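# Structural characterization, general
The primary structure of each chain is shown beneath.
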Amino acid sequence: MLLYILKRIAGMIPAMVAISILAFTVIQLPPGDYVSTYAAQIAQAGETVDSAMLNSLRERYGLGENVVVQYFKWIGGIVTRGDFGDSFEWNQPVTELIWGRMGMTALISVLTLILMWAFSLPIGIYSAVRQYSITDYVATAFAFLAMATPNFLLAIVLLYASTMWFGVSVGGLFSPAFENAPLSLAKVWDFITHAWIPIFVLGTAGTASLIRVMRANLLDELHKPYVEAARSKGMPEGRLILTYPVRVALNPFISTVGWVLPALISGELVVSTVLNLPTAGPLLLQALKSQDMYLAGAFILLSGGLVLIGTLVSDILLAISDPRIRLS
Amino acid sequence: MPSNAAPNTKPVLTVKNLAVEFPVHKSVVHAVRGVSFTLSRGETLCLVGESGSGKSVTARAILQLVASPGRITAGEILLDTGSGELDIVKLGALGRGIREVRGRRIAMIFQEPMSSLSPVHTIGHQIVETILLHEKISKEEARKRAAALLDRVRIPNPEAALDRYSFEFSGGMRQRAMIAMALSCNPEILIADEPTTALDVTTQAEILSLLRELQRDRGMAVLFITHDMGVVAQIADRVMVMFKGEMVEQADVFDLFERPQQPYTKALLGSVLKLETPAPRPPRPAEESPIAEISDLSLHFPLNVGMLGKPAAYLKAIDGVSLTINKGETVGVVGESGSGKTTLGRTLLRIYTPTGGQVNYWRGDGVEVDIARLSKREMKSLYSEVRMVFQDPHSSLNPRMTVYQIISEPLRTNTAMSEREMRDRVAELLMRVGLPADGGERYPHAFSGGQRQRISIARAIALRPRLIIADEPTSALDVSLRHQVLDLMRGLQDEYGLSYLFISHDISVIRYFCDRVAVMKNGKIVEIGDVQQICERPEHPYTQTLIRAVPRPDPRLRLSAPA
C-alpha cells in the first residue's frame, strides 16, 4: 500500500514538470509582454511613453532574455526558494498575493466537493434502489435541470433574489466587519453565511451529475449474483445494499474527484468573478488580461498542482476501498 | 449414496402447486405452473430441464428470491421446522421471517462462483457475517468456525484463506468457499443452482464429490438444479424433469434413466445418449492429403514488461504445437479453460500472429502458403477459404443487421455477386441449414439459440470454404439441439468436402463428431490420436483424468465417492 502511494507520488513529478512548462508556455503565448500592455495603458491615458523607461523595465524583469532561460529562472526560484517572482502590476512578490486567495479557492472547492458527495450519494442510492419511483423521477428531473443551468446564471439569479427580496448582500466571503478580523467562531459563522451561495452555485451541476453516476453504477450492481448470494444468506435488505452493491458501485464515484476538481476550479473562476469573491479566480483573470506573467503563471501552476493532488487522493481512496486495485 | 435415504421419513420441504408469474409488457409469462414435489432429509433431488424450463425460478421461489417483477402467485412451500410447518409463500420476500429461513435453514449456492462472492470483501468477512447474522456468538468464535469450514471444503491453509479475496482464488476454490459459506449455519436444505456448470470438468468432479460427502456427513437435503444429465446420473436420488414451467416426470434416478415414462423425458435422454456413441461416418481414405499442417507453433505473450521493455516472463498460450488437418477430416481439440485451444483456433486465422513455428496451408488452387507469415493482404484472400463459427450465437451475430445482411456480408466483400444472385444464394443457404428461406428479412433476435447457430453456420459456408474453425459451436446450446447442429455440420462436410478444426471442452461432443482429437493442456498437445482410442484407451495421465471426470449419463456408472 505504501509502495503504491509512493509510486503514485513519483508518477506525479513528470506530470508537474509538464504542467509547469505548459503554464509558462500559456502565459508566453499572447503577443507582447507586460511592458507593452503597460505602454498601451499609458498611451491610452494620454501620457507620453518613454521608450528608454520601457527598455529599462524590460531589462529589470529579464523580459528580453531567451524564453528557455526565463523558464529556468522562474522554475528555479520556485523550486529552490519558493519564490514565484514579483507581480508587475501589484509590485509585490507573487507569494504574498496568492496564498490567501489560493487557500480560499482550495477551501471552497473541497467544501463543495464534500457537500456534493454528501447529497449525491444518498439520493443516487435511493434513485437506483427505487428505480422509476416518484422520488427517482423527481431526482432525475432535478438532475437534468441542474446540469443544464450555467453556473453564472445561477449566481446572478441568487444575487438578485437575495438582494431584492431578502435585502441581504451576499457578495464576497466575509462581511466587511470580519474581513481582517482574527479567526473566531463568529468569523466562521460569517463565512458560512456567505459561502453557501458560491458552494451552492458551484456544486449544483456536479451534484446532479454525481447523482446520475451513482444511480447508473448501482443499477449495474444491484442484480449481480453476489447480491443475490448475500440475500440468500438472510441479510436485511438495507444493510445488504449498503455493504455489497454500494461498496462496489462507489469505485467510479470515488474516481470522480479527479474530474470534478478541475471542473470546480475552472467553474470557480466564473462564479467568483460574478460574486466578487476573494479567491484566486478573479485575480487570475486580471493577471491574464494585463499579462502579469509571474502572477498568472503561479496560479496556473498551483491549480494544476491542486488537480494532481485531487487525483492522488482519489487514487488512494480507490486503493483503500477496492482490494482489486490494491493487490494487483 | 443412492437411495439410502429412508423412503418413509417425513419430508423436510413440501412444495404444492407452486406457480410463479412474470408480467411482461401486457402479457404474463408463466415461469412455473403447478409444480409439486417433496424433499426429504439426506436426499438429493435433481431438478433437470433445458433453458427456460423454470427450474431456476422454482429454486429461487423456495427462498423468496424470485427477481422482480416475478412473483409467486399460487401454491405452498411448506418447511418442516421441527415444531410445526412454516409456509414460505406466506412469509413474503422481506422481513424477519424469511431472513431466518435464508442461510439458516435453507442455504443456496449459485452457478457463477466468479461473481457470487463479493469482490471487495474477504472470504472470511463474508462467512463470518453469515454466521453472525444467525447466531449469537463472538466474532472470534465465528472466525474459528469459518476456518474449520474452509478446511472442511479442502481449501488449503484455511486461516490465511480467510483474509484473502475471491479474485485471488481459482473458480473451483471460489465454489468451495461459496459452499463453506452456505454450510456455515448448518442448514437442513442446500439448494445448488447449476453449481458446476461454469467449472472445468475435472473441477466439476471434485466439487460433486465434495457435495456428496458433505451431504452424507450432515444428512442434508439437497435440491440440485442442472441441465446436465451426466451430472444427474452422478448425484441424484430422485429426479424431477421440468419443461416450460411444468413438471414432466418425477422418479427415482434409476427408474428415470432406465424406464422413462414421458415422451419429453425419453427425447431428452435420447439426445443425451445419442452423443454417447460416435455418429456413423465413412472410413478415412488410405492416402490422406493434408489441408493444413501446423508445426511447432508457438504464441508467447510477454508478461510484466519492465521499465526497459524487457518482459520478465512469457505467457506461453501456445507452446510448440504440431497438428495436421487432412482434407475432409474433423480434428477435435479438447482441453480445459486456459489450455490454449481457443487461441490455437484464432492463430490459424491470424487473429493472433504466432511468435514461432509454421502453419502450412494448401490453397484451393494447390499453392502452399505459410499462414504464420502471410501479409494482411495475402491473408484476406484466405478468408474465403477458411471460416470461423463462434460459441455464442447471441453475440456473434450483429443484432442490427437482418439475417440476409449477415449471411450475405462475406459474399459482398469477397465476390462480385449481384444483389439478386446474393438473395438467391442466401435463400438457398437458409434452406440448407434448415431455416425458412424467407427468414432473411428478420433480425437475429427473432430466432432461438439453435436457429442462430444455424445462421452462423450459413454465414460460414456462404463462400464454400474448405476449412472451418468451429470454436465451441454447441456449448451454448441445450443438449437436445446439440446433435442436430452437429448433424447439420456433418451433412455440410459430406456435401462440400469440408475440413473442420473443432474446438470444445466437451468430450461427448468431440466423440460424437470428430475423427481425430488432440488433447491440450497449458498450451501443449499432450496426446493426439483417433477419437475412439483417446476416449476409450487414453494413454497420457492427464487425458485419463479428463476422460474419467466426465459425468456419464448412466447412474450405474457412478464414480464412487472418496471415503
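Residues numbered from 1 in each chain as written. Chains lettered and ligands numbered in written order. Predicted model: local features only at pLDDT ≥ 70, side-chain atom pairs only at ≥ 80, totals over all residues. Heavy atoms only, no water.

Here we take up the interface of chain A and chain B. Each side of the interface is counted separately: chain A has 22 residues, and chain B has 28 residues. Among the residues chain A hides against chain B, the three largest losses belong to Glu-228, Ser-232 and Lys-233 of chain A. Together they make up 28% of the total. For the interface between chain A and chain B, the tally reads two salt bridges. Across the pair Glu-228 of chain A and Arg-60 of chain B runs a salt bridge whose closest N-O atoms are separated by 2.5 Å. The interface formed by chain A and chain B contains 11 residue pairs in polar contact (both at pLDDT 80 or more). Elements supplying a minimum of two residues to the side of chain A that touches chain B: helix 9 (225-232), helix 10 (237-243), helix 11 (245-254) and helix 15 (323-327) of chain A. The biggest single contributor to the side of chain A that touches chain B is helix 9 of chain A, with six residues. Residue classes in the side of chain A that touches chain B are distributed as nine nonpolar, four polar and nine charged. (Contact = heavy atoms within 4.5 Å. Buried area = accessible area lost by both parts, 1.4 Å probe. Salt bridge = Lys/Arg side-chain N within 4 Å of Asp/Glu carboxyl O. Polar contact = N/O pair within 3.5 Å; in protein donor to acceptor, adjacent residues only side chain to side chain. Helix = DSSP H or I, 4+ residues; strand = E, 2+ residues; numbered from the N terminus. Nonpolar A, V, L, I, M, F, W, Y, C, P; charged D, E, K, R; others polar.)

Residues and elements named next belong to chain B. Within strand 9 (residues 238-243), five of the six residues are buried, which leaves the element mostly enclosed by the surrounding structure. Examined bridge by bridge, strand 3 (residues 44-48) and strand 9 share four bridges and lie parallel to one another. Along strand 9, the bridge assignment pairs Leu-47 with Met-240. Pairing analysis gives six bridges linking strand 9 to strand 10 (residues 246-252), with the strands arranged antiparallel. Within the sheet, the bridge partner assigned to Met-240 lies in strand 10 and is Gln-250. As consecutive antiparallel partners, strand 9 and strand 10 are separated by two residues, and within that stretch Lys-244 has a phi angle of approximately 50 degrees, a positive value. (Buried < 20%, exposed > 50% of the residue type's maximum accessible area, 1.4 Å probe, protein only. Pairing = 2+ DSSP bridges.)

Below, the discussion takes up the pattern of salt bridges. Residues and elements named next belong to chain B. In this structure the tally under the stated criterion is 43 salt bridges over all chains. Its salt-bridge partner being Lys-341, residue Glu-472 comes within 3.9 Å of it at the nearest N-O pair. Linking Glu-472 in the loop between strand 17 (467-471) and helix 17 (479-496) with Lys-341 in helix 12 (residues 341-348), this pair joins segments that are 131 residues apart in sequence. Summarising the burial analysis for this pair, Glu-472 and Lys-341 share the class buried. Where Arg-432 meets Glu-495, a salt bridge forms, and the shortest distance between an N and an O atom there is 2.6 Å. Of this pair, Arg-432 sits in helix 15 (residues 419-432) while Glu-495 sits in helix 17, and the two are 63 residues apart along the sequence. Residue classification places Glu-495 among the partly exposed positions, given a relative accessible area of 46%.

As for its placement among the helices and strands, Asp-471 of chain B is situated in strand 17. When near neighbours in sequence (up to four residues on either side) are disregarded, Asp-471 of chain B contacts Thr-342, Arg-346, Met-388, Val-389, Phe-390, Gln-391 and Ile-503 of chain B.

Okay, the sheet that holds strand 19 (residues 516-521) of chain B next. Strand pairing in a sheet takes place through backbone hydrogen bonds and is either antiparallel or parallel in direction. Residue and element names in this part refer to chain B. Strand order across the open sheet formed by six strands is 16-17-18-13-19-20, with mixed pairing between neighbours. Each edge of the open sheet carries a strand with a single partner, namely strand 16 (386-389) and strand 20 (524-530). Within this sheet the neighbouring strands show an average axis-to-axis angle of 15 degrees, counted without direction. Sheet topology places strand 13 (residues 330-334) next to strand 19; four bridges connect them, and they run parallel. Residue pairing across strands places Val-331 opposite Arg-516, the latter belonging to strand 19. Contacts from helix 17 reach strand 13, strand 17 and strand 18 (499-504), with the element oriented near 160 degrees to strand 18. (Axes fitted to C-alpha atoms, helices over the stretch in contact; angles between N-to-C directions.)

Keep in mind that these numbers describe shape and distance, not what the molecule does.
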